[in-house]
Each structure stands twice: as structure tokens, then as C-alpha cells.
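Secondary and tertiary structure notes
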Amino acid sequence: MHPVLFTLPNGFAIHVYGFLIAVGTVLAVGIASRWGVKDGLDKDLFTDIGFWAILAGVVGARAEYIRVNRHQFDSIQQMINVRDGGLVYYGALLAVLFTFGVIIWRKKLPPLKVLDVMAPMIPFGIMFGRMGCFFAGCCYGDHTDVAWAITFPPIEGIPAPSGIPLHPTQLYEVGYGALLFGGLFWMRQHKRFDGQLILSFLTVYPILRSINELFRGDPGRGWFWEDVLGQTVSNAQFISILVAIAAGTGWALLFKRTR
């Protein structure tokens, strides 16, 4: 593994993480556009959504990282310098969903239909993003002796400790991201009502993410109410609880409406 894909003649480094995010976004927008047309939506809708989702995702991911690790920053310049790393997936997800909501509201679109088209693309993007994390050496796992442990080499700029066998938590998320994408893709062919896909994702992902957190070893993820609870519940696990509650509420409202 290596964090830098190649370096331009002017010394500007193209990181594997950023490259994979770009590739995943382009593919996701392309697939969503085709699915949207099949569902009777405007062919250009998801291109517009994709553009704003990228901006919102970066801002949300960075904002959540700053919130959790605000002690690391002494200036605005440090806060906006995302090339040094420091992005939190849940911050991106919540910001993107909020942005989707605003776009759907302004364009007066059927919200659940649009969100169902995008739902499989979320774990699709997770696969690319976490593979990027693996190459960047971030979001790494705790020390372990399991047979599939990975050991990072001593490369400058890699936050993961070198020479120590670690849980490949990034690859765990790539794996269950692929399973979620496959499951939602299958469900899309058999869904019974609008909202089924997005609520299914928002129900299952928090569970898998919370389990994966048990094997994480990076301190930058932060802990919820650490002064009282100690390092018992990570920030991601706490957000997972809130997301699962929101999904449960959504299921209840849809069930009530369909009845």
C-alpha cells in the first residue's frame, strides 16, 4: 500500500484516497442517473445532486472531525486543509442526506423515490472510500493476532502504527459495504414501496458500523461523553444509535401510512 498514487511535475501529489473517492463518485452518479431515468426522474437530476453531495460531504466530514478533535487546530487554515487528512464518514453522510433533502424540497421531487435511487450508492461509495482509507493508513484497527491481520510499513505521513499486526477495519467496511450494496440492489428489483431501500440502509448500516467500531484502534474517532463514560461508546456508535432511532421512526410512519 502507498498513500500517493503519483506526483505531478509541480510537486502536487495525487493521493489514492482522493482518486478512489472521485472514481466512486463518478460511477455512483452514472448508475444513479440510469436508475433515475427508469424510475421516471430527470436524467440530469443525479448529476446535480452528485455535485452538491461532494461539496456537502467534504464539509460535513471535515466539520465532524474538527468537532471531535478541535484541540488539534490552532487556525482556520489548519481546519480547511483537508489534504492533511481528517474526515469523518458520518459527518459526510448526515451532510449529504441534509443536502438531498434541500434539493428534493426545492425541486418538489418525490423524496422517498429519489432517496431509494441513491440508497444503494451510499454503500457503493463506502467501498471506495474505505479502500482509500486503507491506502492512506487511517481509520485503522486495534492490535490483533488473527490470521488476517495487516501490518503497515513505516511510510511517512501514515497515521497507522507500523510493524504491528492490526485488524483491517477499513477492509471490514469495504466487505460489508459490498454486501449492503448487493442487498439493496436485489431489493430494488423487488421493493414494495418507496422508502424501503433508504430505510433498510439506515437500519442495517448503524449496526454493522457499531460492530466494526469495536475493532478500531485509531484515537482520532473520539468518544461520546468521555468524561463520564470513558472510552465506552465511540462517537460513531452514538451517531449510529441516533440514525437507527430515526430509521425506526421512519419505518413506523411508513407502516402507519400504508395501513
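Up top you'll find the structure we're talking about.
A short note on unusual backbone geometry
Despite not being glycine, Lys108 shows a phi value in the positive range, around 55 degrees. Relative to the helices and strands, Lys108 resides in the loop between α4 (89–107) and α5 (111–118). Of the residues examined, Lys108 reaches a relative accessible area of 75% and is grouped as exposed. Even without being glycine, Trp225 reaches a positive phi, approximately 50 degrees. With a relative accessible area of 54%, Trp225 lands in the exposed category.

A look at the pairing of strand β1 (residues 4–7)
Where β1 and strand β2 (residues 13–15) come together, 3 bridges link them in antiparallel fashion. Its bridge partner being in β2, Phe6 is matched across the sheet by Ile14. Turn length for the β1-β2 hairpin, with the two strands adjacent in sequence and antiparallel, is 5 residues, and the turn residue Gly11 shows positive phi of about 90 degrees.

Comments concerning the side chain of Asp116
Within the secondary structure, Asp116 is located in helix α5. Take Asp116: its relative accessible area is 1%, and that puts it in the buried class. One polar contact links Asp116 to Lys191, side chain to side chain, over a distance of 2.8 Å. Here the side chain of Asp116 touches Leu197 through a polar contact of 3.1 Å, landing on its backbone nitrogen. Setting aside its immediate chain neighbours within four residues, Asp116 contacts Lys191, Phe193, Asp194, Gly195, Gln196, Leu197 and Ile198.

Some words on the pattern of salt bridges
As enumerated under the stated definition, the model contains 9 salt bridges in all. Measuring nitrogen to oxygen at the nearest pair gives 3.1 Å for the salt bridge that ties Glu213 to Arg216. A relative accessible area of 3% means that Glu213 is categorised as buried. Residues joined by salt bridges that share partners form a network here, namely Arg209, Glu213, Arg216, Asp218 and Arg221.

With respect to the packing of helix α6 (residues 121–136) against helix α8 (residues 196–213)
Running from amino to carboxyl end, α6 crosses α8 at an angle of 35 degrees, the nearest separation of the two axes being 11 Å. Residues Ile122, Pro123, Ile126 and Arg130 of α6 form the contact with α8, whose participating residues are Ile198, Phe201, Tyr205 and Arg209. Taken together, the residues of the contact of α6 with α8 sort by class into 6 nonpolar, no polar and 2 charged.

Points about α5
Of the residues making up α5, those classed as buried are Val114, Leu115, Asp116, Val117 and Met118. Elements in contact with the buried residues of α5: α1 (16–38), α2 (45–68), α4, α6, α7 (169–190) and α8.

Here is what the cut-offs are and how they apply
- Residues numbered from 1 in each chain as written.
- Predicted model: local features only at pLDDT ≥ 70, side-chain atom pairs only at ≥ 80, totals over all residues.
- Heavy atoms only, no water.
- Helix = DSSP H or I, 4+ residues; strand = E, 2+ residues; numbered from the N terminus.
- Buried < 20%, exposed > 50% of the residue type's maximum accessible area, 1.4 Å probe, protein only.
- Pairing = 2+ DSSP bridges.
- Polar contact = N/O pair within 3.5 Å; in protein donor to acceptor, adjacent residues only side chain to side chain.
- Contact = heavy atoms within 4.5 Å.
- Salt bridge = Lys/Arg side-chain N within 4 Å of Asp/Glu carboxyl O.
- Axes fitted to C-alpha atoms, helices over the stretch in contact; angles between N-to-C directions.
- Nonpolar A, V, L, I, M, F, W, Y, C, P; charged D, E, K, R; others polar.

Structural measurements only, silent on function.
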